[in-house]
Amino acid sequence: MAAANFVKIQIGIYVEIERSDGRIHQAMLTSLNEDSESVTVEWIENGVVKGKEIDLEGIFSLNPDLAPDEDIEPSPETPPPPIPAAKVNKIVKSRQTVAPIKNDTSARDNRVVGSARARPTQLPEQSSSSQQNGSVSDISPVQASKKEFGPLFIKSNCVKEVEKLQEKREKRRLQQQELREKRAQVVDATNPNYEIMCMIRDFRGSLDYTPLTAADPIDEHRICVCVRKRPLNKKETLMKDLDVITIPSKDVVMVHEPKQKVDLTRYLENQTFRFDYAFDDTASNEMVYRFTAQPLVETIFERGMATCFAYGQTGSGKTHTMGGDFLGRNQDCSKGIYTLAARDVFLMLKKPNYNKLELQVYATFFEIYSGKVFDLLNRKTKLRVLEDGKQQVQVVGLQEREVKCVEDVLKLTEIGNSCRTSGQTSANAHSSRSHAVFQIILRRKGKLHGKFSLIDLAGNERGADTFSADRQTRLEGAEINKSLLALKECIRALGQNKPHTPFRASKLTQVLRDSFIRGNSRTCMIATISPGIASCENTLNTLRYANRVKEFGISPSDIPFSQGSGSRSDLSPSYEYDDFSPSVTRVKGLKIGRSTAEDIHPTVHHAPNQIDDLETRWGVGSSPQRDDLKLLCEQNEEEVSPQLFTFHEAVSQMVEMEEQVVEDHRAVFQKTIRWLEDEKALLEMTEEVDYDVDSYATQLEAILEQKIDILTELRDEVKSFRTALQEEEQASKQINTKRPCTL
């Protein structure tokens, strides 16, 4: 009989509804829910579409003309029995579907009277007349029925339907009460983000989950960008942090960002991003490796260059993904991408078509910290990065260790990880402050055959430290900020086949030049994100950065809403609570974060005289490094303000001068040793009885003049270097008042 209750109810009609604050107004009926015997209505309030679910009883109480009525002819032998007084009063109170007592009724009541007269459930004439006189008969309905119609008492179908509705309503109330009690046991209502947690849970209930599995096919990409979500850690769980990241499908990531209106109403702003792959918090390192770095292994055997980056906030799982699982402070390197890639390299070497090439495998491990390169396999020896006459980048002094098996690679990664520079932050007690680069190199008869570079980048939130009062922290932040910008533009140039790649803009991209310049190059970026609500801002920055690398587009149809939750256009991902009722209110249209095609920054096409225009605009001279830096800042004007560019340029100039001063100082030190030897010989000559005084004076004067010239030159360089330090400090103060956009 549930379908009979919807006979007069149609989608699109307007009905009267009652709000939780007692207001009554009209709303449009948008859907019918026969299973729960309820309907969904929507209305516009203050320019915002709102809606709620109402049971049929609430609709019939305010819209009696929509109540079902059945035209059943009474039997001529058995007159219709009267309705008991208790039933009549109950119906009048809850449904208002019988004739009123007084004659001066409204137009709505007249319609109700008309509908009631059409039913075979009217009272006898005596009862009607007594009600019209304003009093109810003292004779009970049961006695009257026995007196006039005999002992038989039969309920009409309408009364039976009303009783069924009342029973179902009571059952629903009991079920809702049990559900609330169950939720209160499962969910901690004392959590300060309890409302947000309920909104996220209700929204997730409307999604159809199809996560990435090991059986899914692996697509071939020249540039692959994927996202990995880690689970909440113990510290976040103790702090009652919320998981605001949802990965409903294999390529979609949703961030439920909590917001607050002017009237302090809390709501969700769901921002959606799409990538090549999206890994949830249940994915293992082996599964991440299978879809990201494993397809790149064959590239280096085909004389190509492969690169795999791990990018994200400190504590989001970059080092865990690249290096392996952590057991306390110790790291199990056997489950990291470093070792998994080495395992497949040695397996590929055994194949007949590659075994005949007689390839040798070497490994290097170094870090880039504050624009300087250090060899992690040689006691952190400082290295120099130079370009030779063929414009090939050479890391002078970098040691290559030959490896014969996976165990050799494990030893090297353990040695390198123990030497890597780290520091303490609010997110992680052992935060990586440098870019770690592990390279697997194939050589054939001493010549380079292929190279696989695996990079664990520094935490991206440290790029915002360019306004710090401490110079070392400023230099760390500036180098990280600049290297991440340069890395993004180099990958974009590789994917779009641009004629120029600004690899000289940072030390990281300069070292990885071959990975961006050579034609047979493939790159993969793994963006790691933290799920907690406290990391929401950094997570959005990471997703926006990863999205700009490849410029994915997304539409509302990419969000996998379940079929039972309504159409995609009807169900909005932005929610708020109406008086904190369990039903979710739809309030806004879909907001697709900054990953939509409209929000992606268009590619800037550079004119031939762009560098000259930049020199005029920025007021800086020209050099290969500065040209790439200017080009980089022009392509990212939204992230890099003129003051921030001036700071980056001052830092670059200071770092160059520092290297030059240190090198000249070392040369002067070596010359000083030779001078001491020459002076010692002169002094020994004076101990002779008949030494040549003229020769002694001439040689001593030459040594002193040489000392004066070289030391004066070194002193001038040091003065210039101190000036550069002051300029860097002044440039940093100019950006203190306006914090730069964090990547």
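Rules used throughout
- Residues numbered from 1 in each chain as written.
- Predicted model: local features only at pLDDT ≥ 70, side-chain atom pairs only at ≥ 80, totals over all residues.
- Heavy atoms only, no water.
- Pairing = 2+ DSSP bridges.
- Helix = DSSP H or I, 4+ residues; strand = E, 2+ residues; numbered from the N terminus.
- Axes fitted to C-alpha atoms, helices over the stretch in contact; angles between N-to-C directions.
- Contact = heavy atoms within 4.5 Å.
- Buried < 20%, exposed > 50% of the residue type's maximum accessible area, 1.4 Å probe, protein only.
- Polar contact = N/O pair within 3.5 Å; in protein donor to acceptor, adjacent residues only side chain to side chain.
- Parallel < 35°, antiparallel > 145°, perpendicular 65-115°, else oblique.
- Left-handed = near helix turned anticlockwise from the far one by under 90°.
- Nonpolar A, V, L, I, M, F, W, Y, C, P; charged D, E, K, R; others polar.
- Phe/Tyr/Trp six-rings, centres within 6.5 Å; stacked < 30°, edge-to-face > 60°.
- Salt bridge = Lys/Arg side-chain N within 4 Å of Asp/Glu carboxyl O.
- Expected span 1.5 Å × (residues − 1).
- Core = buried A, V, L, I, M, F, W, Y, C linked by side-chain atoms within 4.5 Å.

Participant: Break down the sheet that holds strand E2 (residues 24–33) for me, with residues and values.
Facilitator: Strand order across the open sheet formed by four strands is E1-E2-E3-E4, with antiparallel pairing between neighbours. Edge positions in the sheet fall to strand E1 (14–18) and strand E4 (48–55), since each of these pairs with one other strand and no more. The average angle at which neighbouring strand axes cross in this sheet is 45°, direction not considered. Judged from the eight bridges that link them, strand E3 (residues 38–45) and E4 form a sheet pairing that is antiparallel. Across the sheet, the residue bridging to Trp-43 is Lys-50, located in E4.

Participant: Could you give an account of the environment of Val-395, naming the residues involved and the relevant values?
Facilitator: Locating Val-395 in the fold gives a position in strand E16 (residues 393–396). Separated by ten residues in the primary sequence, Val-395 and Val-385 have C-alpha atoms spaced 4.6 Å apart. Beyond its immediate sequence surroundings of up to four residues, Val-395 is in contact with Val-373, Leu-383, Arg-384, Val-385 and Val-511.

Participant: Lay out the side chain of Asn-270 in plain terms, naming residues and giving numbers.
Facilitator: Residue placement: Asn-270 occurs in strand E8 (residues 266–274). The buried category is assigned to Asn-270, whose relative accessible area is 0%. Of the polar contacts made by the side chain of Asn-270, one reaches the side chain of His-256; its length is 2.4 Å.

Participant: Kindly report on the packing of helix H21 (residues 642–686) against helix H22 (residues 693–734), identifying the contributing residues and their values.
Facilitator: Packing of H21 against H22 leaves a shortest axis separation of 8 Å and a crossing angle of 160°. Considered as vectors, H21 and H22 are oriented roughly antiparallel to each other. The element H21 and its partner H22 pack so that their crossing is left-handed. Of the residues in the contact of H21 with H22, the class split is 21 nonpolar, eleven polar and nine charged.

Participant: Tell me about the packing of aromatic side chains, residues and numbers included.
Facilitator: Enumeration over the complete set of coordinates arrives at ten aromatic pairs. Pairing Tyr-338 with Phe-438 gives two aromatic rings, centres 5.2 Å apart and planes at 40°, and the pair type is tilted. Within this pair, whereas Tyr-338 is found in helix H12 (residues 337–349), its partner Phe-438 is found in strand E20 (residues 435–444), the two being separated by 100 residues in sequence. No difference in accessibility class separates Tyr-338 from Phe-438, as the two residues are buried. Judged by centre distance (5.3 Å) and plane angle (90°), the ring pair of Phe-365 and Phe-438 falls under edge-to-face. One end of the pair, Phe-365, is in strand E13 (residues 360–369); the other, Phe-438, is in strand E20, and 73 residues separate them in sequence. Grouping residues by exposure puts Phe-365 and Phe-438 together as buried. Taken together, Tyr-277, Phe-279 and Phe-291 form an aromatic cluster joined through their ring pairs.

Participant: Break down the pattern of salt bridges for me, citing the residues and quoting the values.
Facilitator: Here the structure, examined in full by the defined rule, presents 26 salt bridges. As a salt-bridge pair, Glu-367 and Lys-380 come within 3.2 Å of each other at their nearest N and O atoms. Within this pair, whereas Glu-367 is found in strand E13, its partner Lys-380 is found in the loop between strand E14 (372–375) and strand E15 (381–387), the two being separated by 13 residues in sequence. Note that Asp-514 and Arg-513 form a salt bridge whose closest N and O atoms lie 3.6 Å from each other. As far as the burial class goes, Asp-514 and Arg-513 line up, both buried.

Participant: Just give me the short version of helix H18 (residues 536–550), but keep the residues and values in it.
Facilitator: Because each turn of an α-helix spans 3.6 residues, side chains separated by three or four positions end up pointing in the same direction. Here H18 contains 15 residues, and its C-alpha end-to-end distance of 22 Å stays within 8% of the 21 Å for a straight helix at 1.5 Å per residue. Burial within H18 is extensive, with twelve of its 15 residues counted as buried. Residues Cys-536, Thr-539, Leu-540, Asn-541, Thr-542, Leu-543, Arg-544, Tyr-545, Ala-546, Asn-547, Arg-548 and Val-549 constitute the buried set of H18. Following H18 by one or two positions, Glu-551 has its phi on the positive side, about 60°.

Participant: Just give me the short version of the nonpolar core, but keep the residues and values in it.
Facilitator: The nonpolar side chains of soluble globular proteins are, as a tendency, buried together. If you look at the biggest cluster of nonpolar residues, it comprises 50 residues, and the most contacted ones within it are Val-253 and Leu-487. The greatest single-element share of this core, amounting to six residues, is contributed by H18. When sequence neighbours within four positions are dropped, the list of residues in contact with Val-253 reads Val-227, Ile-245, Thr-246, Ile-247, Gln-271, Thr-272, Phe-273, Phe-275, Ala-278, Ile-529 and Leu-543.

Participant: For the pairing of strand E22 (residues 521–529), give the residues involved together with the corresponding values.
Facilitator: Most of E22 sits inside the fold, with nine of its nine residues counted as buried. Alternating positions in E22 separate into two faces, Ser-521, Thr-523, Met-525, Ala-527 and Ile-529 on one and Arg-522, Cys-524, Ile-526 and Thr-528 on the other, with burial throughout. As paired elements, strand E5 (residues 223–229) and E22 share seven bridges and run parallel to each other. Its bridge partner lying in E22, Lys-229 is registered against Ile-529.

Participant: Lay out the environment of Leu-165 in plain terms, naming residues and giving numbers.
Facilitator: Looking at the element boundaries, Leu-165 is found in helix H6 (residues 157–186). Assessed through its relative accessible area of 9%, Leu-165 is described here as buried. Along the primary structure Leu-165 and Asp-55 are separated by 110 residues, whereas in three dimensions their C-alpha atoms are 9.9 Å apart.

Participant: Describe in detail the packing of helix H15 (residues 471–496) against H18, supporting the description with residues and values.
Facilitator: Relative orientation of the contacting elements H15 and H18 amounts to 30°, with a least axis distance of 8 Å. For the element pair H15 / H18, the angle class is roughly parallel. On H18, the residues that touch Leu-484, Leu-487, Lys-488, Ile-491 and Arg-492 of H15 are Tyr-545, Arg-548 and Val-549. Split by residue class, the contact of H15 with H18 holds five nonpolar, no polar and three charged.

Participant: Outline the side chain of Thr-364, supporting the account with residue identities and numerical values.
Facilitator: On the secondary structure map, Thr-364 appears in strand E13. The exposure class assigned to Thr-364 is buried, which follows from its relative accessible area of 0%. Sequence-distant contacts of Thr-364, that is, excluding residues within four places in its chain, are made with Leu-377, Leu-398, Gln-399, Glu-400, Val-437, Phe-438, Gln-439 and Ile-441.

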